[in-house]
Amino acid sequence: MVISPFISNFQKLEGVNLLNSLTNVNGKSFAAYNYDKPLRQINIFFGTNGSGKSSLSGWLARCEPDSSRLFDTQYVNSRIRTRDKIEGVQILVGRQVSQDTEIEVARRRIKELGDDLVGLHTQQDQKRALLVSNIEQAFSAGRKQFDTTRIKQKQNLKQDPVKALGFWMDEIHPHGGLQVDNSQQLEERQQALETQRAALPTKLDDTQLEILANLQGLLQTPVTVPSEITGDNLRIWLEEGMKLHDMSAHDEVCQFCGNRFDATETASQIHHRLDQEHSKTLSSLRHSSEALQQTREIADKLKQILGEDDSGACREIIDMTKQLDVLIDRKRENTLLVLDGAADLPAKLHGMNKQIDDTSTSIAQQLHEAQRMLDNIESMAKSWIGSRLKEDGSSSQLASGISTDAKQIGDLEKQRQHEEAKLHDLESKDSQLQPFAAVVNRVFAGAGIRFKLAVSMDGRSYALTSVDDHGTITASDLSEGEIRLLGFLHFYYSLFTRYDSTNKTFDPSVKTIILDDPITSLDTDNRFYIIEQINSLIDDVIDSAPDRQMFLLTNSEYDFHSFAYHTDKQKTLRSIIYKSMQGDSMIREVTRTEFKNYSDYYKSEFQEIIQFAVRSPDRVQDEPACIQYGNKMRFVFESHARTHYNIEDTTAKALTEIKRCYGFPDSWNMKVSRSLDIINALSHGMSWTNAGSSRQSIREVQQAIRCMVSVLNNKDHQHVLAMWPQGCDQALLGAWANNIAQKTTLSKSTVSDKQGEPAGQEILTPQN
């Protein structure tokens, strides 16, 4: 038979079953420890990190596991952080008011919305069926029209005909401007384009353009008629005659009369007459008239190809050339006339040539597209189906109607969900879980937290929902402070079966309440609220029953003084958990005088580390467990940094922030960083039991404490002097600071006979 080691701790005190003392405490840093002070109904313990608080809270919970309730980090992790749903807390808060009328209204509204949804779904299904029929008809017609079976219907036509219609619309392609209804039309169109290309006129050449470009100047230049006129017809006859004879010969036979003549002399005379200005003008007018005639023919052909709507420029050119012919005839009759009318002609001719090029390019592109379409008839058929559906107004109207119905259905579904949530909320108010949710939600709202608890559909747990969009969230969406607050409220209210302003009833099975660090650095925003709740809980414990007991463990000096501040001192025990010289956890009572002043504990810890720091090396080595002072140094520095500069992390990782606030020289960086590592390592459960390394390790602890005291002194000399214990040499502060600035090496040195450094003593200066 195994006898529990905890039974002896419970003693009957006037019929009350309370834990009277801490006897044979075991666990981690506690080794069969006995605390001789009688426990009371409210017991509050202060201890820095690593002092043994968690060991004690775990031991207390194991004393009476069935009647104990422990709040700690494990409680938060298991009940809140790793749960999708939070376990229900059943309490009664005042009178549960019936909501029958509101529930009936909500149910009726849900039924009306359901009926409307049925009607809309029926209407939407009818439109879907009609649209499916339209698409299937167009699809069948397209396959027949283009004599192909290689095209397939769009997927999920019946499930989503609107989407299928969109897919068919996406198949529409311009195809180079060609609009055909079947492959035969495509071939006919190709032949028509070939005919157009063959009939397309040739552009005016550069010579013709140059002749007509000079026409305006020719018409505006007056030319005098010479006394010996060489008529234009004669000029033409002479030019043709010169082409028939060898005009370089002196003895040439005339092809007209057979007589011989000097061709060279005759050519000279003919050239003289032909070179007259009047004769040149007549010749130029004749060439211009010929070029105008060619222009009219080109413009007329182009007009026939372009059609009536696109041939306006061609008609203008034809009309202009006719008008210019009249002007040319007048100029021939009287070369002295100054005429105008050909100034715009060059631009129009260049425009006509460009239009011929553009038309040729367009025809070539259409021929290419027609050939491509013939090579890929399936694409043409799909485009035809899409175009037919697009031109069919009923299909687009049906699609629009289906989309409108879907929006209305979505809106009604949201309304129904809202009404269902409202009904669930009304119905859950009769549940014993709802009061806890209501209480917690009021706390959250007051703290500005944007989520709330809602009773789950199973009626046995809670879900977290966002206040902003009512969506479900998980613990991973919350901050650490919000998780801790939610965990504390869950623990707090789970202690009661009824909770209102007039009646707070504890769960009768709860006899021992243990709070292990209920407020952490992550709960600073909610500190005052939680302290108020804990103090209220303390009063409730005292008022409820004499056999209900409470244990509070904290690492915050502020919280230690705030808990049960106005509570009956006869029912409250305050104690401090600390480490002995051997590294074991121990407990001592805090006297009333010590408790009255917040600074007493801080000052006493400060003076203890100074008294240790000024010791000589041989005195340090006589106390192998004096590395506990690293923990005290961490407490002092952390308290100062948190109070004055809001620095929560006082480890080497925060060296940059610590240096910014305390302003020590750059040359101190390495030793300050090393010192922070040492005091923090010693504060979190590390033990130094190796006798071979004990001598150097203890010296390192002392050097680290001297370094950190120097950091405080560098920033606030008067503060350090105010904390300095009597009988200790203040001049050592300067020596410590100088030592920090020196390069750290592992070497032997002999120091003078001063307090803390005896003459002739060889010491090891630790190397970082």
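Above this text is the structure in question.
Residues numbered from 1 in each chain as written. Predicted model: local features only at pLDDT ≥ 70, side-chain atom pairs only at ≥ 80, totals over all residues. Heavy atoms only, no water.

This part is about the overall build of the protein chain. Regarding its fold elements, the protein chain presents 27 helices and 20 strands. Sorting the 768 residues of the protein chain into buried and exposed places 45% on the buried side. Approximately 39,800 Å² of the protein chain is accessible, and the part contributed by carbon and sulfur atoms is 48%. (Helix = DSSP H or I, 4+ residues; strand = E, 2+ residues; numbered from the N terminus. Buried < 20%, exposed > 50% of the residue type's maximum accessible area, 1.4 Å probe, protein only. Areas by Shrake-Rupley, 256 points an atom, 1.4 Å probe, with all protein chains shown as cover.)

With that out of the way, let us pick up the pattern of salt bridges. Considering all chains together, one arrives at 28 salt bridges under this definition. One salt bridge connects Glu-589 with Lys-37, and the closest N-O pair in it is separated by 3.4 Å. Linking Glu-589 in strand 18 (residues 585-589) with Lys-37 in the loop between strand 4 (30-35) and strand 5 (42-46), this pair joins segments that are 552 residues apart in sequence. Residue Glu-589 is classed as partly exposed on the basis of its relative accessible area of 28%. Overall, the relative accessible area of 33% leaves Lys-37 in the partly exposed class. Notably, a salt bridge pairs Lys-203 with Asp-357, separated by 3.2 Å at the nearest N-O pair. Of this pair, Lys-203 sits in the loop between helix 5 (183-199) and helix 6 (206-213) while Asp-357 is found in helix 12 (residues 345-375), placing the two residues 154 residues apart along the sequence. Judged by relative accessible area, which is 36%, Lys-203 ranks as partly exposed. (Salt bridge = Lys/Arg side-chain N within 4 Å of Asp/Glu carboxyl O.)

The next subject is the nonpolar core. In terms of nonpolar packing, the biggest core is built from 94 residues, with Met-550 and Met-633 touching the most fellow members. One finds Leu-204, Ile-298, Ile-328 and Leu-345 within the second-largest nonpolar core, a separate group that totals 28 residues. (Core = buried A, V, L, I, M, F, W, Y, C linked by side-chain atoms within 4.5 Å.)

Only one face of strand 10 (residues 451-455) is buried, namely the one carrying Phe-451, Leu-453 and Val-455, since none of Lys-452 and Ala-454 on the opposite face is buried. Inspection of the sheet shows strand 10 paired to strand 11 (residues 461-466) by five bridges, in the antiparallel sense. Its bridge partner lying in strand 11, Leu-453 is registered against Leu-464. (Pairing = 2+ DSSP bridges.)

This model, assessed by the stated rule, comprises 16 aromatic pairs. Consider the rings of Phe-71 and Phe-491, whose centres lie 5.5 Å apart with planes at 50°: the pair is tilted. In this pair, Phe-71 is assigned in strand 6 (residues 68-71) and Phe-491 in helix 16 (residues 480-494), connecting sequence segments 420 residues apart. Taken individually, Phe-71 and Phe-491 each receive the classification buried, so the pair is uniform in this respect. Taking 6.3 Å as the distance between ring centres and 10° as the angle between the ring planes, the aromatic pair formed by Phe-664 and Trp-668 counts as stacked. The exposure class assigned to Phe-664 is buried, which follows from its relative accessible area of 2%. Taken together through their ring pairs, the aromatic side chains of Phe-71, Tyr-75, Phe-488, Phe-491, Tyr-492, Tyr-493, Phe-496 and Phe-506 make up a single cluster. Over the ring of Trp-168 we find Lys-154, and its NZ or CZ is 4.6 Å from the ring centre. (Phe/Tyr/Trp six-rings, centres within 6.5 Å; stacked < 30°, edge-to-face > 60°. Lys NZ or Arg CZ within 6 Å of the ring centre and 35° of its normal.)

Considering the arrangement of structural elements, one finds Leu-209 in helix 6. With a relative accessible area of 13%, Leu-209 lands in the buried category. Setting aside anything within four residues of it in sequence, one finds Leu-209 in contact with Leu-204, Leu-349, His-350 and Asn-353. (Contact = heavy atoms within 4.5 Å.)

Pairing is mixed in the open sheet, where six strands are placed in the order 6-15-16-5-17-18. The open sheet has two edge strands with one neighbour each: strand 6 and strand 18. The mean angle between the axes of side-by-side strands here comes to 20°, regardless of whether they run parallel or antiparallel. As defined by bridge partners, strand 15 (residues 512-516) adjoins strand 16 (residues 549-554) across five bridges and the pair is classed as parallel. Among the inter-strand pairings, Ile-514 is bridged to a residue of strand 16, identified as Phe-551. (Axes fitted to C-alpha atoms, helices over the stretch in contact; angles between N-to-C directions.)

Time to look at unusual backbone geometry. Of note, the phi angle at Asn-156 is positive, near 55°, even though the residue is not glycine. Phi at Asp-517 is positive, roughly 50°, even though this residue is not glycine. Residue placement: Asp-517 occurs in the loop between strand 15 and helix 17 (527-544).

Three or four residues apart is the spacing at which side chains of an α-helix point the same way, because the helix has 3.6 residues per turn. Taking 1.5 Å per residue, 15 residues should reach 21 Å; helix 16 reaches 21 Å between its end C-alpha atoms and fits that length. Taking burial as the measure, the 15 residues of helix 16 include 12 buried ones, the bulk of the element. Turning to helix 16, its buried residues are Gly-481, Ile-483, Arg-484, Leu-485, Leu-486, Gly-487, Phe-488, Leu-489, His-490, Phe-491, Tyr-492 and Tyr-493. (Expected span 1.5 Å × (residues − 1).)

Note on placement: Ser-675 falls in helix 24 (residues 669-682). Taking relative accessible area as the criterion, Ser-675 reaches 5% and is therefore assigned buried. Remark: the alpha-carbon pair of Ser-675 and Arg-706, spanning 31 residues in sequence, is separated by 9.0 Å. When near neighbours in sequence (up to four residues on either side) are disregarded, Ser-675 contacts Gln-703, Ala-704, Cys-707 and Met-708.

Moving on, we come to the environment of Phe-167. Within the secondary structure, Phe-167 sits in helix 4 (residues 161-170). With relative accessibility at 37%, the residue Phe-167 sits in the partly exposed group. Taking the C-alpha atoms as reference points, Phe-167 and Gln-155, 12 residues apart in sequence, are found 9.5 Å from one another.

Buried residues dominate strand 17 (residues 572-579), accounting for seven of its eight residues. In this sheet, strand 17 lies alongside strand 5 in parallel orientation, the contact comprising five bridges. Note on strand 17: the bridge partner recorded for Phe-45 is Ser-575. Across five bridges, the pairing between strand 17 and strand 18 is antiparallel.

Another aspect to go through is the side chain of Thr-281. Mapped onto the elements, Thr-281 comes out in helix 10 (residues 277-306). When its relative accessible area of 5% is taken as the criterion, Thr-281 is described as buried. What Thr-281 contacts, discounting residues up to four positions off in sequence, is Leu-218, Val-223 and Thr-335.

Considering all chains together, one arrives at zero disulfides under this definition. In this structure Cys-257 is not part of a disulfide, and its nearest cysteine sulfur, from Cys-254, lies 3.5 Å away. (Disulfide = S-S within 2.5 Å.)

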